[in-house]
Amino acid sequence: MTSPLPDVAYLRPRRQMAMDCAHCARYLGASGRILGDVRHLGLPFRLWVCAPDCQPVG
C-alpha cells in the first residue's frame, strides 16, 4: 500500500522544486528518488523524496 502524494499547494517552494524532500524537507542534493508526478494550477510537478522510508513532517 502506498501513501497518497502530498498536496503541492501546501509544500514550500524548495520542496515543490525538488531541492528538498517532499516528505521530510531534508536537503536532497544529488540524491533522491521520484515519489510521483502531480499537477497544480495546470502545471506539472515531479515530487522527490530522500529515501523510500522517510517520514512526512507534521
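In this text the structure is predicted, and so the values were computed from the model without any measurement. (Residues numbered from 1 in each chain as written. Predicted model: local features only at pLDDT ≥ 70, side-chain atom pairs only at ≥ 80, totals over all residues. Heavy atoms only, no water.)

Trainee: How should I be thinking about the environment of Leu41 in this particular structure?
Mentor: Secondary-structure assignment places Leu41 in the loop between strand E1 (33-40) and strand E2 (43-49). Owing to a relative accessible area of 77%, Leu41 belongs among the exposed residues under this scheme. Sequence separation of Leu41 and Ala9 is 32 residues, and the distance between their C-alpha atoms is 8.9 Å. (Helix = DSSP H or I, 4+ residues; strand = E, 2+ residues; numbered from the N terminus. Buried < 20%, exposed > 50% of the residue type's maximum accessible area, 1.4 Å probe, protein only.)

Trainee: It is not clear to me how the pattern of salt bridges should be interpreted in this structure. Could you clarify?
Mentor: Opposite charge on two side chains makes pairing possible when the charged atoms of those side chains draw close. By the definition in use, this model includes two salt bridges. Across the salt bridge formed by Asp20 and Arg14, the nearest N and O atoms sit 2.9 Å from each other. Owing to a relative accessible area of 10%, Asp20 belongs among the buried residues under this scheme. Residue Arg46 is joined to Asp37 by a salt bridge in which the shortest nitrogen-to-oxygen separation is 2.7 Å. (Salt bridge = Lys/Arg side-chain N within 4 Å of Asp/Glu carboxyl O.)

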